Amino acid sequence: SSRSNFVDTTLEVDERVMQINFLAGAALAKAVVPGMIDQGKGAIVWISSVQGLVGIPSRTSYAASKFAVQGYCEALRGELASSGITVHVASPGYIRTNLSRSAMTGDGKTYGKLDETTASGADPDDVAVTILDSVAKGKADFTVASSASATLAIWLRLLCPPLLQYSLVKRFEKSQKKEKEE
């Protein structure tokens, strides 16, 4: 993940986040899908993020990588459907992991902090069970451990983009004010 404003983020950080979150999965899919096609069955399960559905300020690199996952899997699903292969995209909200600690800052250094939202996120084991259950039920694209505000943001993106944009601008301005106070 990344934790930095766009203007403070080097292209190398953008590339690194894209390499890890998108291109590594694409390489894995290219390695395993031919065998699945030969067998006439299989399932691709890719972990995206709510931030692959709604880009939030100070996460441009991360959002881009997860939006790429969404589009790639949508296109891949259409190509593989007649081969008996299903493609699933799980988009979790905040999960109690080390994601924020290992995130990169704009210059590529380790962020090293546990964000409050991550610390209070969902249990990873519960999220894994929900993902497996959703795949077993045949769900293609789904959110998991998504907060009410994240769910609202997803709907606003579809139904009222200007209101979502207003909300994201206010969120950014609030974070900048808080950063200056610290």
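The preceding data block contains the structure.
Read on for a plain summary of the structure. As the structure is a prediction and not an experimental result, all values here were calculated from the model.

Reading the values: rules and limits
Residues numbered from 1 in each chain as written. Predicted model: local features only at pLDDT ≥ 70, side-chain atom pairs only at ≥ 80, totals over all residues. Heavy atoms only, no water. Pairing = 2+ DSSP bridges. Helix = DSSP H or I, 4+ residues; strand = E, 2+ residues; numbered from the N terminus. Axes fitted to C-alpha atoms, helices over the stretch in contact; angles between N-to-C directions. Contact = heavy atoms within 4.5 Å. Buried < 20%, exposed > 50% of the residue type's maximum accessible area, 1.4 Å probe, protein only. Phe/Tyr/Trp six-rings, centres within 6.5 Å; stacked < 30°, edge-to-face > 60°. Lys NZ or Arg CZ within 6 Å of the ring centre and 35° of its normal. Parallel < 35°, antiparallel > 145°, perpendicular 65-115°, else oblique. Left-handed = near helix turned anticlockwise from the far one by under 90°. Nonpolar A, V, L, I, M, F, W, Y, C, P; charged D, E, K, R; others polar.

Strand order across the open sheet formed by 3 strands is β1-β2-β3, with parallel pairing between neighbours. Taken across any chain shown, the strands that pair with only one partner, and hence form the sheet edges, are β1 (42–47) and β3 (141–144). Taken pair by pair, the neighbouring strands of this sheet meet at an average axis angle of 25°, ignoring direction. Contacts between helix α2 (residues 60–80) and the sheet are confined to β1, β2 (85–92) and β3, with β2 contributing the most and set at about 160° to the helix. Most of the contacts of helix α5 (residues 124–136) go to β3, to which it runs at about 155°, and overall it touches β1, β2 and β3.

What follows deals with the side chain of Gln-51. Looking at the secondary structure, you find Gln-51 in the loop between β1 and α2. Under the relative-accessibility criterion, Gln-51 is labelled buried at 9%. Residues in contact with Gln-51, not counting those within four places in the same chain, are Ile-56, Arg-59, Tyr-62, Ala-63, Lys-66, Phe-67 and Tyr-94.

Our focus in this paragraph is the packing of aromatic side chains. A full pass over the atoms with the stated rule returns 3 aromatic pairs. Relative to Tyr-72, the ring of Phe-22 lies with its centre 5.0 Å away and its plane at 85°, an arrangement referred to as edge-to-face. With Phe-22 in helix α1 (residues 11–39) and Tyr-72 in helix α2, this residue pair connects regions lying 50 residues apart in the sequence. Accessibility expressed as a relative area gives 13% for Phe-22, which makes it buried. A network of ring pairs unites the aromatic residues Phe-22, Trp-46 and Tyr-72 as a single cluster. Sitting over the ring of Tyr-111, Arg-3 keeps its end group 5.8 Å from the ring centre.

Running from N to C, α1 and α2 cross one another at 20°; their axes reach a closest spacing of 8 Å. One element, α1, and the other, α2, form an angle in the roughly parallel class. Considering how the two elements wind past one another, α1 and α2 form a crossing that is right-handed. Mapping the contact onto sequence places Val-13, Asp-14, Val-17, Met-18, Asn-21, Phe-22, Ala-26, Lys-30, Val-33 and Ile-37 in α1 and Ser-61, Tyr-62, Ala-64, Ser-65, Lys-66, Ala-68, Val-69, Tyr-72 and Leu-80 in α2. A class-by-class count of the residues in the contact of α1 with α2 yields 13 nonpolar, 3 polar and 3 charged.

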